[in-house]
Amino acid sequence: MAESVALDPVDLHLLRLLQNDARTTYRDLAAQVGVAPSTCLDRVTRLRRAGVILGHQLRLDPAKLGRGLEALLSVQVRPHRRELVGPFVERVRALPESRTVYHLTGPDDYLVHVAVRDMADLQRLVLDGFTSRPEVARVETRLIFQQWECGPLLPPDGERIRPT
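For clarity, every value in this text was computed on a predicted model and none was experimentally measured.

Conventions used here
- Residues numbered from 1 in each chain as written.
- Predicted model: local features only at pLDDT ≥ 70, side-chain atom pairs only at ≥ 80, totals over all residues.
- Heavy atoms only, no water.
- Axes fitted to C-alpha atoms, helices over the stretch in contact; angles between N-to-C directions.
- Helix = DSSP H or I, 4+ residues; strand = E, 2+ residues; numbered from the N terminus.
- Parallel < 35°, antiparallel > 145°, perpendicular 65-115°, else oblique.
- Left-handed = near helix turned anticlockwise from the far one by under 90°.
- Contact = heavy atoms within 4.5 Å.
- Nonpolar A, V, L, I, M, F, W, Y, C, P; charged D, E, K, R; others polar.
- 1 Å grid on protein atoms, 1.4 Å probe; cavity = no way out; pocket = protein on both sides within 12 Å on 5 of 7 lines; lining within 4 Å.
- Points joined across faces, edges and corners; volume = space filled by probe spheres on them.
- Pairing = 2+ DSSP bridges.
- Buried < 20%, exposed > 50% of the residue type's maximum accessible area, 1.4 Å probe, protein only.
- Polar contact = N/O pair within 3.5 Å; in protein donor to acceptor, adjacent residues only side chain to side chain.
- Arc of directions from axis to C-beta.

On to the packing of helix α1 (residues 9–20) against helix α2 (residues 26–33). For the pair α1 and α2, the least separation of the axes is 10 Å and the interaxial angle reads 130 degrees. Between α1 and α2, the angle falls in the class oblique. Handedness of the crossing formed by α1 with α2: right-handed. Of the residues in α2, those in contact with Val10, His13, Leu14, Leu17 and Leu18 of α1 are Leu29, Gln32 and Val33. Counted by class, the contact of α1 with α2 contains six nonpolar, two polar and no charged residues.

Okay, here's the thing in structure tokens:
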């Protein structure tokens, strides 16, 4: 079993700052946190090695890329068996419209966040990319009117993180 990672207030402050802007320089991070730049670099490196920091991502505006309509597709797969999970997820991930795929409990097996050009494109995706598949029993579509990012993800007070 992996060792737990103890996060002190400096680590938590670094994580909060990096989640808000991952391009912040070590010099600026160090100044905001109140440590030397070398200490800052060592701490961030330790958090990366421990698996707390998984990477950095570039966020794009789907509308500016010609994909102004976003939706959530609730997908029910039958039969829902282990040998279908991997291949189904890989097919969905390979679709250029797919943004995120969640494997769920409850009546729906998957929730898929997609971004498409327009309603006709969404209809084509649902019919050709999902309901035409023999394992897909049902698809329910919900349009996304607007979305908001939430605050930084930090552990509950007093808890430790287990690296992956």
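The next subject is the layout of surface pockets. Here the largest pocket defines a volume of roughly 1800 Å³. Along its surface, the largest pocket is lined by 38 residues, and Gln19, His56, Gln57, Arg59 and Glu149 are the ones closest to its centre. For the lining of the largest pocket, the element with the most residues is α1, which contributes four residues.

This next bit is on the pairing of strand β2 (residues 98–103). Pairing geometry for β2 and strand β3 (residues 110–116), over five bridges, is antiparallel. Note on β3: the bridge partner recorded for serine 98 is valine 114. From the end of β2 to the start of β3, which pair antiparallel, there are six residues, and glycine 106 there has a positive phi angle of about 95 degrees.

Turning to the side chain of serine 98, a few remarks are in order. Position of serine 98 among the secondary structure elements: in strand β2. Here serine 98 falls in the buried class, since its relative accessible area comes to 16%. Side-chain polar atoms of serine 98 contact the backbone oxygen of valine 92, separated by 2.7 Å. Excluding anything up to four places from it in sequence, serine 98 contacts Val92, Val112, His113 and Val114.

Burial runs high along β3: six of the seven residues are buried. Pairing of strand β1 (residues 69–77) with β3 involves seven bridges; the strand directions are antiparallel. Directly across from leucine 69, in β3, lies its bridge partner valine 116.

Attention now goes to α2. Buried within α2 we find Leu29, Ala30 and Val33. Buried positions in α2, seen along its axis, are confined to an arc of 100 degrees and lie on one side of it. Exposed and facing more than 90 degrees away from the buried side of α2 are Arg27 and Ala31. Packed against the buried residues of α2 are α1 and α3 (37–49).

Before going further, it helps to spend a moment on unusual backbone geometry. A cis amide bond, omega -5 degrees, links arginine 78 with the succeeding residue proline 79. When you line up the elements, proline 79 lands in the loop between β1 and α4 (82–94).

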